[in-house]
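Coordinates in review
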Amino acid sequence: MSIDKFHTISSTAVPLPIENVDTDQIIPARFLKATTREGFGENLFRDWRFDKSNEIKAGFVLNQDIYSGNILVAGKNFGSGSSREHAAWAIHDYGFKVVVSSFFADIFKNNALNNGLLPVQVSEEFLADIFRAIEADPGTEINVNLEQQVIALKSSGISEYFDINPYKKECLLNGYDDIDFLLNIKDKIARFESERA
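Definitions and cut-offs
Within any chain, residue numbers begin from 1 and follow the written order of that chain's sequence. Only residues with pLDDT of 70 or above have their local features reported here, since the model is predicted, and side-chain atom pairs are shown and tallied only from 80 upward, although totals for entire chains, interfaces and linings are computed over all residues. As a rule here, side-chain values cover all heavy atoms of the structure and leave hydrogens and water aside. For the purposes of this entry, the term helix denotes a DSSP run of H or I that reaches at least four residues, the term strand denotes a run of E that reaches at least two, and both are numbered from the N terminus. Residues are treated as being in contact if the distance between any of their heavy atoms lies within 4.5 Å. For every accessible area listed, the method is Shrake-Rupley and the probe measures 1.4 Å; residues are considered covered only by the protein chains on display. To sort residues, take the accessible area from a 1.4 Å probe on protein chains only and compare it with the maximum for the residue type: under 20% means buried, over 50% means exposed, and anything in between is partly exposed. Here, a salt bridge means any Lys or Arg side-chain nitrogen found within 4 Å of an Asp or Glu carboxyl oxygen. Any two strands with at least two DSSP-identified bridges between them are counted as paired. Helix axes are fitted only over the stretch in contact, all axes being lines through C-alpha atoms; the angle between N-to-C directions runs from 0 to 180 degrees. A clockwise path from the first strand over the helix to the second, with the strands pointing away from the viewer, defines a right-handed crossover.

Some points on the overall build of the chain
Counting secondary structure elements, the chain contains eight helices and eight strands. Partitioning the intrachain contacts of the chain with sequence separation of at least 6 by distance along the chain shows that 65% fall at a separation of at least 24. Accessible surface computed for the chain: about 10,300 Å², of which carbon and sulfur atoms make up 48%.

Here it is, written out as structure tokens:
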């Protein structure tokens, strides 16, 4: 599966200031029957977005018209729990390109990177700055530059550097999954093999 190329994004953001959000809250287990990546977005945070009668919960952030954008800003320890790849699928399928948090569960982080979703880990102080900015103005835009590995609040100009695995960075910049990456360097692999025959 090829993924969309990612270089920079400037977008408003949806704030989810809840810590320890696990994968079952992101996409409940009862929705894991499909084997393709499409369609999971409609059940993202299903039990927080809808009540037992399938009525919209007006208080939940994804149901509030004042918040929109391709960036989800979440509390500390996002994506804990099971290793289900469907959590990353659901977030991406809903339309988010970036998730920002001060800490990600390792398996979720890797699943996100493998599926074209950029997890940006920032300091707790910077995360608090983002939440404050969005609370003051839901139209606040965030700029994420993958090449420079910098995230910035456009209104104030404050920014922070973020880490990313160099291999995963190259894949995102070029729109490669693991197979695409290998196909792109097949000549180098063949040369390496021939030199050692």
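Text resumes after the structure shown.
Side note on helix H3 (residues 86-94)
Regarding H3, the residues found buried are His86, Ala87, Ala88, Trp89, Ala90 and Ile91. Where H3 is buried, its residues touch helix H1 (23-26), strand S4 (98-101) and helix H4 (106-114).

Digging into the pattern of salt bridges
For the structure shown, the criterion picks out five salt bridges. We note a salt bridge from lysine 76 to glutamate 124, for which the minimum N-O separation is 3.1 Å. Of this pair, lysine 76 sits in the loop between strand S3 (71-74) and H3 while glutamate 124 sits in helix H5 (residues 124-136); the two residues are 48 residues apart in sequence, bridging distant segments of the chain. A relative accessible area of 35% means that lysine 76 is categorised as partly exposed. Residue classification places glutamate 124 among the partly exposed positions, given a relative accessible area of 47%. Residue glutamate 141 pairs with lysine 154 through a salt bridge whose shortest N-O separation is 3.3 Å.

Re the side chain of asparagine 111
For asparagine 111, the location among the structural elements is in helix H4. With residues near it in sequence (within four places) discarded, asparagine 111 still touches Ser83, Arg84, Glu85 and Ala88.

A closer look at the sheet that holds strand S6 (residues 142-145)
On the basis of which strands lie adjacent, the open sheet formed by four strands has the order S1-S6-S7-S8 and antiparallel pairing. Pairing within the sheet leaves two strands with one partner each, and these edge strands are strand S1 (8-11) and strand S8 (159-161). Adjacent strand axes in the sheet meet at a mean angle of 10°, parallel and antiparallel pairs treated alike. Here four bridges tie S1 to S6, and the two strands are oriented antiparallel to one another. The residue bridging serine 11 from the neighbouring strand is isoleucine 142, located in S6. Contacting S6, strand S7 (150-153) and S8, H5 crosses the sheet at an angle of about 35° to S7.

Some points on the pairing of strand S5 (residues 118-121)
As defined by bridge partners, S4 adjoins S5 across four bridges and the pair is classed as parallel. Its bridge partner lying in S5, valine 98 is registered against leucine 118. Once you follow S4 into H4 and on to S5, the crossover reads as right-handed.

Some thoughts on the sheet that holds strand S2 (residues 13-16)
Here four strands make up an open sheet; going across it, the order is S2-S3-S4-S5 and the pairing parallel. What marks the edges here is a single partner per strand, and that holds for S2 and S5. Pairwise comparison of adjacent strand axes, ignoring direction, gives a mean angle of 20° for this sheet. Both S3 and S4 contribute to a ladder of three bridges, which runs parallel. Bridging across to S4, isoleucine 71 finds its partner in valine 98.

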